[in-house]
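As a plain string of letters, each chain reads:
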Amino acid sequence: MALEKSLETGDGQEKVRKQTAVYVYEAPLRLWHWVTALSIVVLGVTGYFIGAPLPTMPGEAMDNYLMGYIRFAHFAAGYVLAIGFLGRVYWAFVGNHHARELFLVPVHRKAWWKELWHEVRWYLFLEKTPKKYIGHNPLGQLAMFCFFVVGAVFMSVTGFALYAEGLGRDSWADRLFGWVIPLFGQSQDVHTWHHLGMWYLVVFVMVHVYLAVREDIVSRQSLISTMVGGWRMFKDDRPD
C-alpha cells in the first residue's frame, strides 16, 4: 500500500512524497506479543515477591492469603507464557515469513553479518543513517532469539520443574520436567537459576522498550504502531 504525504518546502511550494506501508505482523502474532508482555510483567513482579516475601501479615494465617494469591498469579501467568509460546511456534509454521524471523536467524549469510555490524554502530550513534527493514533488523532479530526465545524456554523449563514439586510425583509436570532438578543438582540450585533468569528477562525487557521507543522516533520506519496495527510505515521513499 502506498500513501502520499504533502511536505511544504522552503520556497512555499508543496512536494509530494510517497510513503509505503507493508503488512508485516498478522493479528495472532500481535495478540501473542501483548499477552506475552503482560504475562512477563506479572511473572516478574510476583516472582520477585516469591523470592523476597513480604513481612509477616498480622492476625491469623487463615485471614491472610496474600502470598497464596501472589503464587497463584505467578503460576497462571506461567501457564499463559508457556502455552502462548507453543502457539507462537505453531504460528511460525502457518503464518507469513515474518512470523519465522523470531526462530530462524540467518547466521550463515555474510550480508546479514554486515548489516548486523551496521546496526551495532547505529545503536552506538556511530552511523548517521539507519537502514530500512520490513521485519526485524539483524541486531533485533539476534537479541530476540538470544534473550527472549532462549530465556523463555529456560524459564518455562525451570519454572515447571519447581511447579512439579508442589504437584507431587507422577504428576504431569513431574513426568515432563522431573529430570531438571537432578540435572542442576538440587531444588535450591534450580530456584537460584530461575531467579537469575528473571533478572535476565527484566534487563531484556528494559532494553527492548527503550530501543523500541528510540527506533520509533529516529529510524526510517514505524515500530510500536506496527505491533499494534500490523502495518510497517516507512517515513521516506529514499532507497534502503
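Only a predicted model underlies this, so the values are computations on that prediction, with no experimental measurement involved.

Asker: Whenever I open this one, unusual backbone geometry confuses me. Can you help?
Answerer: Leave glycine aside and you will find that most residues have negative phi; peptide bonds, for their part, are mostly trans. In this model, Phe125 sits at a positive phi of 65°, which is unusual for a non-glycine residue. Relative to the helices and strands, Phe125 resides in the loop between α3 (110-123) and α4 (138-167). For Phe125, a relative accessible area of 60% translates into the label exposed. Phi at Asp170 is positive, roughly 70°, even though this residue is not glycine. Along the chain, Asp170 falls in the loop between α4 and α5 (172-177). Judged by its relative accessible area of 58%, Asp170 is exposed.

Asker: What is the right way to read the UniProt feature "transmembrane region" in the chain from this model?
Answerer: UniProt annotation of "transmembrane region" refers to residues 31-51, 75-95, 142-163 and 196-213 when read in the numbering used here. Along residues 142-163 one finds 100% helix and 0% strand; the C-alpha atoms at either end are 30 Å apart.

Asker: Please explain a nonpolar patch on the surface as it appears in this structure.
Answerer: A cluster of nonpolar side chains, namely Trp34, Val209, Val213, Ile217, Val218, Ile224 and Val228, defines an oily patch on the protein surface of about 620 Å² accessible area. Only α7 (187-218) and α8 (224-229) provide two or more residues apiece to the nonpolar patch. In terms of residues, the nonpolar patch owes the most to one element, α7, which gives four residues.

Asker: Looking at this structure, I do not really get the nonpolar core. What am I missing?
Answerer: Generally speaking, soluble globular proteins have nonpolar side chains that are buried together. With 12 residues, the main nonpolar core is built from Trp32, Ile40, Leu43, Ala77, Leu81, Phe85, Leu102, Met144, Phe148, Val149, Ala152 and Phe204. Of all elements in the fold, only α1 (27-51), α2 (66-94) and α4 reach the threshold of two or more residues within this core. A per-element tally of this core places α4 first, with four residues. In this structure, Ala161, Tyr163, Ala164 and Val190 belong to the second largest nonpolar core, which totals 11 residues.

Asker: Explain the packing of aromatic side chains to me, please; I cannot follow it from the model alone.
Answerer: In this description, an aromatic ring pair is defined by two values, namely the gap between the centres and the angle between the planes. Under the counting rule described, the total for this entry stands at 19 aromatic pairs. Positioned over the ring face of Trp122 is Arg214, at 5.1 Å from the centre of the ring. The ring of Phe125 has Arg214 lying over it, and the distance from NZ or CZ to the ring centre is 4.5 Å.

The rules behind each value
Position numbers for residues start from 1 in each chain and track the written sequence from start to end. A pLDDT threshold of at least 70 governs which residues receive local features in this predicted model, and a stricter bar of 80 or more applies before side-chain atom pairs are shown or counted, although totals over entire chains, interfaces and linings include all residues. To obtain the side-chain values, all non-hydrogen atoms of the structure were included, while hydrogens and water were left out. Put simply, DSSP marks the helices as runs of H or I at least four residues long and the strands as runs of E at least two long, and each gets a number from the N terminus on. Relative accessibility under 20% of the residue-type maximum defines a buried residue, over 50% an exposed one, and the middle range a partly exposed one, all with a 1.4 Å probe and only protein chains included. UniProt positions are given in the numbering used here, feature names are shortened, and annotations may be inferred rather than shown by experiment. Any residue with relative accessible area above 30% and no salt bridge may belong to a patch, with like charges joined within 9 Å and the nonpolar Val, Leu, Ile, Met, Phe, Trp and Tyr side chains within 5 Å. Note on areas: Shrake-Rupley, 1.4 Å probe, and residue coverage restricted to the protein chains presented here. By convention in these notes, a salt bridge is any Lys or Arg side-chain nitrogen within 4 Å of a carboxyl oxygen on Asp or Glu. Throughout, nonpolar core names a set of buried Ala, Val, Leu, Ile, Met, Phe, Trp, Tyr and Cys residues whose side chains join them through atoms within 4.5 Å. Any two of the Phe, Tyr and Trp rings considered here, Trp counted by its six-membered ring, make a pair once their centres fall within 6.5 Å; the pair's planes then place it as stacked at under 30 degrees, edge-to-face at over 60, or tilted in between. Only lysine NZ and arginine CZ atoms are considered, and such an atom sits over a ring when it is within 6 Å of the ring centre and within 35 degrees of the ring normal.

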